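Here are the chains, one letter per residue:
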Amino acid sequence: MATGNWTRISEFILMSFSSLPTEIQSLLFLTFLTIYLVTLMGNSLIILVTLADPMLHSPMYFFLRNLSFLEIGFNLVIVPKMLGTLLAQDTTISFLGCATQMYFFFFFGVAECFLLATMAYDRYVAICSPLHYPVIMNQRTRAKLAAASWFPGFPVATVQTTWLFSFPFCGTNKVNHFFCDSPPVLRLVCADTALFEIYAIVGTILVVMVPCLLILCSYTHIAAAILKIPSAKGKHKAFSTCSSHLLVVSLFYISLSLTYFRPKSNNSPEGKKLLSLSYTVVTPMLNPIIYSLRNSEMKNALSRTICKALALQNCIP
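Residues numbered from 1 in each chain as written. Predicted model: local features only at pLDDT ≥ 70, side-chain atom pairs only at ≥ 80, totals over all residues. Heavy atoms only, no water.

1. Describing the pattern of salt bridges
Move 1: A full pass over the atoms with the stated rule returns one salt bridge.
Move 2: Taking the shortest distance from any N to any O, the salt bridge between Arg123 and Asp122 comes out at 2.9 Å. (Salt bridge = Lys/Arg side-chain N within 4 Å of Asp/Glu carboxyl O.)

2. Things to note about unusual backbone geometry
Move 1: Despite not being glycine, Ser16 shows a phi value in the positive range, around 50 degrees.
Move 2: Along the chain, the position of Ser16 falls in the loop between β3 (11–14) and α1 (22–52).
Move 3: Among the residues examined, Ser16 registers a relative accessible area of 3% and is labelled buried. (Helix = DSSP H or I, 4+ residues; strand = E, 2+ residues; numbered from the N terminus. Buried < 20%, exposed > 50% of the residue type's maximum accessible area, 1.4 Å probe, protein only.)

3. Describing empty space enclosed by the protein
Move 1: Summed over all chains, the structure comprises one cavity of 30 Å³ or more.
Move 2: Considering the residues around the largest cavity, the lining is formed by Met15, Ser16, Phe17, Ser18, Gln25, Thr85, Leu86, Gln89 and Thr91.
Move 3: For the lining of the largest cavity, the per-class residue count stands at three nonpolar, six polar and no charged. (1 Å grid on protein atoms, 1.4 Å probe; cavity = no way out; pocket = protein on both sides within 12 Å on 5 of 7 lines; lining within 4 Å. Points joined across faces, edges and corners; volume = space filled by probe spheres on them. Nonpolar A, V, L, I, M, F, W, Y, C, P; charged D, E, K, R; others polar.)

4. With respect to the layout of surface pockets
If you roll a probe as big as a water molecule over the atoms, it shows you where there is empty space left.
Move 1: One number sums up the size of the second largest pocket: a volume of about 580 Å³.
Move 2: As for the second largest pocket, its lining consists of 24 residues, and the residues nearest its centre are Met60, Arg123, Lys237, Thr241 and Glu297.
Move 3: Broken down by secondary-structure element, the contributors of at least two residues to the lining of the second largest pocket are α2 (59–87), α3 (95–128), α9 (232–260) and α11 (296–310).
Move 4: With seven residues, α9 is the largest single contributor of residues to the lining of the second largest pocket.
Move 5: When the residues that make up the lining of the second largest pocket are grouped by side-chain class, the tally is 11 nonpolar, eight polar and five charged.

5. Some remarks on the UniProt feature "transmembrane region" (unreviewed entry) in the protein
Move 1: As recorded in UniProt, the sites labelled "transmembrane region" (unreviewed entry) are residues 27–51, 63–83, 103–124, 145–165, 198–227, 239–262 and 274–293.
Move 2: In this annotation, residues 145–165 is assigned 86% helix and 0% strand; the end-to-end C-alpha distance for the span is 32 Å.
Move 3: Between the first and last C-alpha atoms of residues 198–227 the distance is 42 Å; the span itself is 100% helix and 0% strand. (UniProt positions renumbered as here; feature names shortened; annotations may be inferred.)

Take a look at the structure:
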């Protein structure tokens, strides 16, 4: 509905991968559906195993369980609508639906940044102060750290989403992306957005860089502590406790940086869609695989859980 030069939009159209041939879209649907199911099953399995096995009731697996909850939420926000656009060509999303999707995208994204920093701090305490680790990372402390990791997502998501959707929209309602991300929606606004863009840039830098610096600081101390260990076996054991987390952090921050911190001249819409897939779809699938395959405790716990569920003999003690 138009009023003067303004347009009141009641729905948006997600362009998604509509420029691709139907055959390619069908192939993408099957690929993303497989990844989606693997993500849900893998992260759900980590939650169930870490809850069911008493040997995994340590702080590290408490935070890993939080990460799995987060990855499931992140996937539920993005992937089902994307699958719908690929399968049924249902490209429309309501104004409220778009705002809701963007809100939870920001919420889970910010929470993941801070949760990864909290997990790095947990590894720092475990390796640098092993004797005091159970005392420092007690149940009360880990609950506070988890809450502190989830909380920043609320104000960031609330301010950015409500501010962006308070602007008037004009012209087309086509969002050139597979979900309601801030940059493509912002292009549809017909008002001065300079102040919002400054806030968005500063906010993104703070949300990404503060946790990143905390992670770098933690791993600098971890590396120094590992180098002081005299035996090669001891060094390997210490490093193996944080290698999975380090790999997950690297995947997340590399894909995030390539998406949001590249020069605009190098940012084609199709290229940004592919990069966005890396941290919205692929990384949540890889996290449970990384923590399962690279962690002997998790593999043994998974075997014990399966044995108990199937009432098998000769289970791993």
